[in-house]
Amino acid sequence: MATDNPGCLGFLFRIFGITKSDKNKEEKFPYKLRDDFLSPSELSFFNILSQVIPNQFIICPKVSLQDIFFVNEKDKSSYYSYLNKISRKHVDFLICSAKTLQPVCGIELDDRSHGREDRVKRDEFVNQLFKTAKLSLIRFTNKKSYTLSEVEEKLHSIIFHHEATDIKETPIEEQFNMNQTPLCPKCQAPFVLRTVKSGSNKGKQFYGCTNFPRCREIAYINDDQIHTIK
Ligand SMILES: [Zn+2]
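As the structure is a computational prediction, the values presented were derived from the model and not from experiment. (Residues numbered from 1 in each chain as written. Predicted model: local features only at pLDDT ≥ 70, side-chain atom pairs only at ≥ 80, totals over all residues. Heavy atoms only, no water.)

The helix and strand tally for the protein stands at 6 helices and 9 strands. Sorting the 230 residues of the protein into buried and exposed places 30% on the buried side. Taking contacts inside the protein between residues at least 6 apart in sequence as the whole, the part at least 24 apart equals 57%. Carbon together with sulfur atoms contributes 53% to the accessible area of the protein, which is approximately 16900 Å² in total. (Helix = DSSP H or I, 4+ residues; strand = E, 2+ residues; numbered from the N terminus. Buried < 20%, exposed > 50% of the residue type's maximum accessible area, 1.4 Å probe, protein only. Contact = heavy atoms within 4.5 Å. Areas by Shrake-Rupley, 256 points an atom, 1.4 Å probe, with all protein chains shown as cover.)

Pasting the structure below:
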């Protein structure tokens, strides 16, 4: 909580006629609201996208890659070097499940600058990032206007596929030796055995990923087999 109490040191300074510099009080805040959060072509695309995307999904514009992905690296210096690669990049649109906000696919609008050498490198990196993290990425050529059918056509397979496989239970017991600590199938971090603390499943044990909450992969034990829920 902010306070004007000068504290003991401030009191002593005052006795000796030393006051805080006015400089601190005039701290600059050179910030203004941008009028171009979305460019005209991005807005045009967003409006079409809003008509194409079914209600069970939502569209998030301009999402930082750091908010979508995490760095699965224990070595501190390597960790920050990998983090820097994604910290100042964003994806133009992210389609998420409206219920869980879990990302379903990213969308990039490629303008003319995408032909530049630095952009090509950046795009290759982003493509590889999405592929490695198993998140779909769809690219559209940036233009002034879009038709419903062209956007729908490109998105259809991904959205349709996601709807069909929204909740799928995959037994992966063959990957686990019950006598060893199992590894998270998503990020390969060790799983840790936890106990449900409340609700109808109170007392039941399950495996959770040690990268929680960035990785929420869990597995439960049933009939001496370990299962994950996708
Ligand atoms: Zn994990």
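In this model, helix α2 (residues 40-52) (13 residues) spans 19 Å end to end at C-alpha, consistent with the 18 Å of a helix rising 1.5 Å per residue. For α2, the full list of buried residues reads Ser41, Glu42, Ser44, Phe45, Ile48, Leu49 and Val52. With its buried residues spanning 160° around the axis, α2 presents them on a single face. Across from the buried face of α2, at angles greater than 90 degrees, the exposed residues are Pro40 and Gln51. (Expected span 1.5 Å × (residues − 1). Arc of directions from axis to C-beta.)

An order of β1-β2-β3-β4 is seen for the 4 strands of this open sheet, with the pairing classed as mixed. At either end of the open sheet lies a strand with only one pairing partner, and these are β1 (57-64) and β4 (136-141). For this sheet, the mean inter-axis angle between neighbouring strands, taken without regard to orientation, is 25°. Against the sheet, α2 contacts β1, β2 (90-97), β3 (103-110) and β4, and its axis sits at roughly 15° relative to β2. (Pairing = 2+ DSSP bridges. Axes fitted to C-alpha atoms, helices over the stretch in contact; angles between N-to-C directions.)

On inspection of all chains with the given rule, the structure shows 8 aromatic pairs. Here the aromatic rings of Phe29 and Tyr31 are separated by 5.7 Å at their centres, their planes lie at 70°, and the arrangement is edge-to-face. The residues Phe29 and Tyr31 share a single accessibility class, namely exposed. The side chain of Lys62 reaches across the aromatic face of Phe37, ending 5.3 Å from its centre. (Phe/Tyr/Trp six-rings, centres within 6.5 Å; stacked < 30°, edge-to-face > 60°. Lys NZ or Arg CZ within 6 Å of the ring centre and 35° of its normal.)

The subject of this paragraph is the coordination of the zinc ion. Those protein atoms acting as donors to the zinc ion are Cys184 (SG), Cys187 (SG), Cys209 (SG) and Cys215 (SG), and they sit at 2.3 Å. Counting residues between consecutive donors of the zinc ion along the chain gives the motif C-x2-C-x21-C-x5-C. In this pair, Cys184 sits in the loop between β5 (169-171) and β6 (191-195) while Cys215 sits in the loop between β7 (205-209) and β8 (218-222), placing the two residues 31 residues apart along the sequence. Here Cys184 and Cys215 have matching classes, each one buried. (Donors = N, O, S within 2.8 Å, 3.2 Å for Na, K, Ca; no water.)

Bringing the UniProt feature "domain: DNA topoisomerase type IA zn finger" (unreviewed entry) in the protein into the picture now. Mapped onto this numbering, the UniProt entry gives "domain: DNA topoisomerase type IA zn finger" (unreviewed entry) at residues 184-218. Summarising residues 184-218: 0% helix, 31% strand, and an end-to-end C-alpha distance of 8 Å. (UniProt positions renumbered as here; feature names shortened; annotations may be inferred.)

By the bridge criterion, 6 bridges tie β3 to β4 in an arrangement that is parallel. By the bridge assignment, Leu109 is partnered in β4 with Phe140. In terms of handedness, the path from β3 via helix α5 (residues 117-132) over to β4 forms a crossover that is right-handed. (Right-handed = clockwise from strand over helix to strand, strands pointing away.)

We now examine the nonpolar core. Counting residues in each nonpolar core, the largest one holds 20 residues, and the members touching the most others are Phe45, Leu49, Ile53, Ile95, Ile107, Val151 and Leu155. For this core, the elements supplying multiple residues, two or more each, are α2, β1, β2, β3, β4 and α6 (148-164). One finds Ile68, Val91, Leu94 and Phe130 within the second-largest nonpolar core, a separate group that totals 13 residues. (Core = buried A, V, L, I, M, F, W, Y, C linked by side-chain atoms within 4.5 Å.)

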